[in-house]
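Fold and contact review
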Amino acid sequence: MSTEASGSGGASTGTTPPMIKAASVDKYFGDLHVLKDINLEVPRGQVVVVLGPSGSGKSTLCRAINRLEPINSGTIEVDGEPLPAEGKALAALRADVGMVFQQFNLFSHKSIVENVTLGPVKVRKASQSEARETAMELLERVGIADQADKYPAQLSGGQQQRAAIARALAMKPKVMLFDEPTSALDPEMVQEVLDTMTSLADEGMTMVVVTHEMGFARRAAHRVIFMADGEVVEDSTPTDFFTAPKSDRAKDFLGKILTH
Amino acid sequence: MFDFLTEYDILGAFWVTVQLTVYSAIGSLLWGTILAGMRVSPVPIMRAFGGAYVNIVRSIPLTLVIISMSLGLNQTLGAALGGDVLTTINFRLAVLGFVLYTSTFVCESLRSGINTVPVGQAEAARALGLNFGQVLRMIVLPQAFRSVIGPLTSVLIALTKNTTVASTIGVAEASLLMSEMIENESDVIGLVFMTFAMGFVILTLPIGLLLGRVAKKATVKR
Ligand SMILES: Nc1ncnc2c1ncn2[C@@H]1O[C@H](COP(=O)(O)OP(=O)(O)OP(=O)(O)O)[C@@H](O)[C@H]1O
Ligand SMILES: [Mg+2]
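Residues numbered from 1 in each chain as written. Chains lettered and ligands numbered in written order. Predicted model: local features only at pLDDT ≥ 70, side-chain atom pairs only at ≥ 80, totals over all residues. Heavy atoms only, no water.

Looking up chain B in an unreviewed UniProt entry gives the name Glutamate transport system permease protein, with the organism given as Prauserella sediminis. Quoted verbatim from the Subcellular location (unreviewed entry) field of the UniProt record, the comment on chain B reads "Cell membrane". If you open the UniProt record of chain B and go to Sequence similarities (unreviewed entry), you find "Belongs to the binding-protein-dependent transport system permease family. HisMQ subfamily." (UniProt positions renumbered as here; feature names shortened; annotations may be inferred.)

An unreviewed UniProt entry lists chain A under the name ABC-type polar-amino-acid transporter, with Prauserella sediminis as the source organism. Recorded in UniProt under Catalytic activity (unreviewed entry), the annotation for chain A is "a polar amino acid(out) + ATP + H2O = a polar amino acid(in) + ADP + phosphate + H(+)".

Rendered as structure tokens:
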């Protein structure tokens with residue numbers, strides 16, 4: 001791993017543990033080896049963009065970090081704590097790790113503001129009024145405070161995804177995971193979501209972002225991880241990755257992505 | 001022509017039917033929901049229990065379930081369910097039998113509803129740190145209930161009619177009175193049948209209408 005790349009983001013010091021640490025992680029779906037000996041450290045405040053062709057294991061890696069997908073071997077630590085197997089401890093860890101999905105996954109039977117207050121009230125035991133106040137601030141910040149009392153299906157895709165980001169932020173997470181947050185959006189809505197993510201990155205949030213948005217990777221990322229066939233093939237700065245990719249697979253991938 | 005009606009307490013008999021139905025419905029919905037929770041739970045023992053219970057109990061004819069409540073539970077094991085008069089005991093045993101039986105159908109309806117809720121809903125809830133019970137209660141079941149209001153209506157209507165089986169253990173509900181009237185009023189058998197058929201239609205129609213309205217409300221809200 002390039003030390004220059006991993007050291008380039010945020011305020012990481014030698015004494016605090018990395019925000020995310022994966023060591024020798026292997027994951028199989030049946031016979032399919034989806035993650036192959038993944039070793040990865042993400043320091044606090046770093047924004048990592050994960051790139052790679054379809055089926056290379058990007059989503060699986062993302063989901064393994066909060067154990068939505070259990071791994072077969074190796075260890076994953078978040079903020080120095082190994083992932084608990086099940087139960088209360090796992091729930092507590094997940095509360096500290098925000099996740100944003102490609103399909104938004106807003107709770108369809110709850111209003112936008114209820115979506116945002118649910119976690120704080122039920123998991124963090126915040127009071128309704130306190131949670132609502134925070135929720136409205138967050139909705140304001142992602143620009144959809146006026147949609148607070150609508151139901152998810154009444155919002156555009158871009159608004160839903162911003163609501164989903166607000167829902168994750170309401171838990172005051174230590175780290176945010178994004179799995180192709182703009183892939184299900186109409187083109188004209190992509191930018192509003194990327195802007196929200198960029199401002200989050202500027203505020204120092206630790207982020208792991210699976211995306212095909214090269215503009216975002218160039219502007220907001222401190223580090224690019226390129227995956228292929230379940231392996232981390234390149235780990236470098238955005239500039240290095242886009243101007244001087246080392247592997248043939250990365251060159252091939254960039255050739256395909258950048259020509260359209 | 002209808003004077004024979006006044007000689008019998010038809011309303012009283014239907015009132016027993018209503019009570020049987022309401023208590024059994026509440027019990028079946030509760031126990032059926034718990035069973036459905038077991039069937040989708042991550043704990044293998046719970047899943048196994050839920051699956052075995054549903055598959056066994058729903059295969060037993062209801063008449064057998066009800067008679068076994070009376071013969072097995074009460075007369076052999078002496079369970080009285082807190083009642084001291086025989087009519088109360090039998091009523092409670094009948095409700096217990098209906099709950100044990102109808103809950104299997106409630107469970108299976110709900111389970112099919114749970115399968116219509118996109119997995120992403122539960123994943124997003126888990127990702128927030130909600131535990132299994134919370135995910136089920138707050139996210140999955142409310143959405144599952146909406147899509148199973150139709151099937152649940154059928155289950156509850158079937159339950160209303162199934163309460164006639166309680167007459168086999170002597171609960172004085174509508175059909176028991178009907179048997180008595182058929183014997184005594186053999187000249188107006190057709191009218192007796194019609195009266196009771198109408199009675200059941202009057203009882204079941206509101207269930208359909210009520211749940212239909214609930215369903216409509218639920219879909220508008222999305
Ligand atoms: N639940 C599952 N069961 C079986 N195989 C799976 C499952 N989820 C993913 N896979 C397989 O694992 C591999 C990696 O999938 P993953 O979703 O992590 O890829 P990805 O890099 O996110 O791809 P994409 O860009 O298409 O989202 C793929 O071959 C996929 O078919
Ligand atoms: Mg993916």
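Structure's up, so let's keep going.
A separate point is the overall build of chain B. Each helix and strand in chain B was counted, giving 9 helices and 0 strands. Ordering the α and β elements of chain B from the N terminus gives α-α-α-α-α-α-α-α-α. Structurally, chain B occupies a C-alpha span of about 70 × 45 × 25 Å along its principal axes. The proportion of buried residues among the 222 residues of chain B is 47%. (Helix = DSSP H or I, 4+ residues; strand = E, 2+ residues; numbered from the N terminus. Buried < 20%, exposed > 50% of the residue type's maximum accessible area, 1.4 Å probe, protein only.)

With that settled, consider the pattern of salt bridges. All names here are of chain A. Summed over all chains, the structure comprises 16 salt bridges over all chains. For Glu69, the salt bridge identified is with Arg63, shortest N-O distance 3.2 Å. Residues Glu69 and Arg63 agree in their burial class; the two are buried. When the shortest N-O distance is used, the salt bridge between Arg141 and Glu203 registers 2.8 Å. (Salt bridge = Lys/Arg side-chain N within 4 Å of Asp/Glu carboxyl O.)

What follows is about the interface of chain A and chain B. On the chain B side, the residues contacting the 24 residues of chain A number 18 residues. Roughly 1,900 Å² is buried in total at the junction of chain A and chain B, and carbon and sulfur atoms are behind 60% of that figure. Summed over the shared surface of chain A and chain B, the number is 1 salt bridge. Between Glu123 of chain B and Arg63 of chain A there is a salt bridge, with its nearest N and O atoms 2.6 Å apart. (Contact = heavy atoms within 4.5 Å. Buried area = accessible area lost by both parts, 1.4 Å probe.)

This next bit is on the sheet that holds strand β1 (residues 20-29) of chain A. All names here are of chain A. Reading across the sheet, the 4 strands line up as β2-β1-β4-β5 and stay open at both edges, with antiparallel pairing between neighbours. Each edge of the sheet is formed by a strand with only one pairing partner; in this case those strands are β2 (32-42) and β5 (81-82). Here β1 runs beside strand β4 (residues 73-78); their pairing, made up of 5 bridges, is antiparallel. The partner of Ala22 across the bridge, within β4, is Ile76. Contacts from helix α2 (residues 58-65) reach β1, β2 and β4 within the one sheet, and its direction differs from that of β2 by about 60 degrees. (Pairing = 2+ DSSP bridges. Axes fitted to C-alpha atoms, helices over the stretch in contact; angles between N-to-C directions.)

On to the packing of aromatic side chains, then. Summed over all chains, the structure comprises 9 aromatic pairs over all chains. Taking the centre distance of 5.4 Å and the plane angle of 65 degrees together, the rings of Phe14 of chain B and Phe200 of chain B count as edge-to-face. Here Phe14 of chain B, found in helix α1 (residues 10-39), pairs with Phe200 of chain B, found in helix α9 (residues 189-220); they are 186 residues apart in sequence, far enough to count as distant. Among the residues examined, Phe14 of chain B registers a relative accessible area of 9% and is labelled buried. Geometrically, the ring pair formed by Tyr23 of chain B and Phe91 of chain B is edge-to-face, given 6.1 Å between the ring centres and 85 degrees between the ring planes. Of this pair, Tyr23 of chain B sits in helix α1 while Phe91 of chain B sits in helix α4 (residues 86-116), placing them 68 residues apart in sequence. Owing to a relative accessible area of 15%, Phe91 of chain B belongs among the buried residues under this scheme. An aromatic cluster is built from Phe226, Phe241, Phe242 and Phe253 of chain A, whose rings are joined through pairwise contacts. (Phe/Tyr/Trp six-rings, centres within 6.5 Å; stacked < 30°, edge-to-face > 60°.)

This part covers the sheet that holds strand β3 (residues 47-51) of chain A. Residue and element names in this part refer to chain A. Ordered in space as β6-β7-β8-β3-β9-β10, the 6 strands form an open sheet in which the pairing is mixed. Pairing within the sheet leaves two strands with one partner each, and these edge strands are β6 (97-100) and β10 (231-236). Averaged over all adjacent pairs, the angle separating strand axes in this sheet is 20 degrees, with direction ignored. Pairing geometry for β3 and strand β8 (residues 206-210), over 4 bridges, is parallel. Paired with Val48 across the two strands is Val208, which belongs to β8. Its contacts with the sheet put helix α3 (residues 87-96) on β6 and β7 (175-179), and the angle it makes with β6 is roughly 65 degrees.

A word on the UniProt feature "transmembrane region" (unreviewed entry) in chain B. Residue and element names in this part refer to chain B. When the UniProt feature table is mapped onto this chain numbering, "transmembrane region" (unreviewed entry) sits at residues 12-36, 48-69, 89-107 and 188-212. With 82% helix and 0% strand, residues 48-69 has its two end C-alpha atoms placed 24 Å apart. Taken end to end, residues 188-212 has its terminal C-alpha atoms 36 Å apart, with 96% of it in helix and 0% in strand.

Attention now moves to the side chain of Glu173 of chain B. All names here are of chain B. Position of Glu173 relative to the elements: it lies in the loop between α7 (149-162) and α8 (174-184). No salt bridge is formed by the buried Glu173, whose closest oppositely charged neighbour, Lys161, lies at an N-O distance of 13 Å. Not counting the four nearest positions on each side in its chain, Glu173 is found in contact with Ala13, Val16, Thr17, Leu20, Thr163, Thr164, Ala166 and Ser167. (Lys, Arg positive; Asp, Glu negative; His and termini not counted.)

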